[in-house]
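Fold and contact review
Chain by chain, the residues run as shown.
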Amino acid sequence: MKYLLLGLGLGLLSTAIYANEKSICGETDDRALSLESEVGRSSNSIGLIGCTATLISDNCAISAGHCVGVLTKVSFNVPESVDKIPQSSDPRDVYELDKPTLVWADNGEGDDWAVFKLKENSITNKLPGVVQGHLDVELSNSRIKGQTIRITGFGSDKADPIRNF
């Protein structure tokens, strides 16, 4: 069973989110392509691509609070970019934000989060978590030094044109 660890993980992530030069951790770029169907790419109505959204139930997702400007829809099973240009998902893998459900904070390091629901897909009439799956949330306060965490998302990769967003 896959789990998403909240609490300590969000605190660690917030430092990277607010860095002036957002980049990988460490000196070696060891990022790898991911096929995590529960993780999607958000965008807004004019096509600006922004942040990562992770499904935590059949219709509930989480992201960063500073991403609300690009939380109009979430696309899953995102194809590789072509010449650094992000490509669109199949319309059956795109879900609109249920705007009244959006709750968020963008108050700086340690308080940058968003929780929201996604609507059924307009073609399949299915909720995203039913089709894509979702990660179970572990609400643990464990602080184990040296524990490895994995971050999955849609970042910018200027060096590799197929991995950009």
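Anything mentioned here points back to the structure above.
Residues numbered from 1 in each chain as written. Predicted model: local features only at pLDDT ≥ 70, side-chain atom pairs only at ≥ 80, totals over all residues. Heavy atoms only, no water.

1. Some remarks on the pairing of strand 3 (residues 49-55)
The condition is simple: The buried label goes to any residue with under 20% of its type's maximum accessible area, the exposed label to any with over 50%, and the partly exposed label to all in between, with areas taken from a 1.4 Å probe on protein chains only. Think of it this way: any DSSP run of H or I at least four residues long counts as a helix, any run of E at least two long counts as a strand, and we number them from the N terminus. When DSSP finds two or more bridges between two strands, those strands count as paired.
Extensive coverage of strand 3 is indicated by the burial of six of its seven residues. Bridge count for strand 2 (residues 39-43) against strand 3 is four bridges, and the pairing is antiparallel. The residue bridging Ser-43 from the neighbouring strand is Ile-49, located in strand 3. With two bridges joining them, strand 3 and strand 4 (residues 60-63) adopt antiparallel strand pairing. Note that in strand 4 the partner of Leu-55 across the bridge is Ala-61. From the end of strand 3 to the start of strand 4, which pair antiparallel, there are four residues.

2. Describing the packing of aromatic side chains
Counted only if it meets this: Two rings belonging to Phe, Tyr or Trp (six-membered ring only in the last case) form a pair when the distance between their centres is within 6.5 Å. Interplanar angles under 30 degrees mark stacking, angles over 60 mark edge-to-face geometry, and anything in between is tilted.
Going through the model one piece at a time under the given rule, you end up with one aromatic pair. Ring centres 5.8 Å apart and planes at 70° place the aromatic pair Phe-76 and Tyr-95 in the edge-to-face group. Remark: Tyr-95 occurs in strand 6 (residues 94-96) and Phe-76 occurs in the loop between strand 5 (73-75) and strand 6; sequence separation between them is 19 residues. According to the relative accessible area criterion, Tyr-95 is buried, its value standing at 0%.

3. Re the pattern of salt bridges
Quick reminder of the rule: Here a salt bridge means any side-chain nitrogen of Lys or Arg lying within 4 Å of a carboxyl oxygen belonging to Asp or Glu.
Tallied over the entire structure, the rule returns one salt bridge. A salt bridge links Asp-90 to Arg-92; its shortest N-O distance comes to 2.7 Å. With a relative accessible area of 32%, Asp-90 lands in the partly exposed category.

4. Details of the state of the cysteines
Where we set the bar: When the sulfur atoms of two cysteines come within 2.5 Å, that pair is taken as a disulfide.
According to the stated counting rule, one finds one disulfide in the structure shown. Disulfide partner of Cys-51: Cys-67, at an S-S distance of 1.9 Å. As the torsion about the S-S bond is roughly -80°, the Cys-51-Cys-67 disulfide counts as left-handed. Here Cys-67 lies in the loop between strand 4 and strand 5 and Cys-51 lies in strand 3, a separation of 16 residues in the sequence. Of the two residues examined, Cys-51 and Cys-67, each falls in the buried class.

5. Considerations on the side chain of Ser-89
Defined as follows: Counting of polar contacts relies on pairs of N or O atoms within 3.5 Å, with two restrictions inside protein: one atom must be capable of donating a hydrogen and the other of accepting it, and residues adjacent in sequence are counted only when both atoms are side-chain atoms. We call two residues in contact whenever any of their non-hydrogen atoms come within 4.5 Å of each other.
Relative to the helices and strands, Ser-89 resides in the loop between strand 5 and strand 6. Within polar-contact distance, the side chain of Ser-89 engages the backbone oxygen of Phe-76 at 2.8 Å. Residues in contact with Ser-89, not counting those within four places in the same chain, are Ser-75, Phe-76, Asn-77, Val-78, Pro-79 and Val-94.

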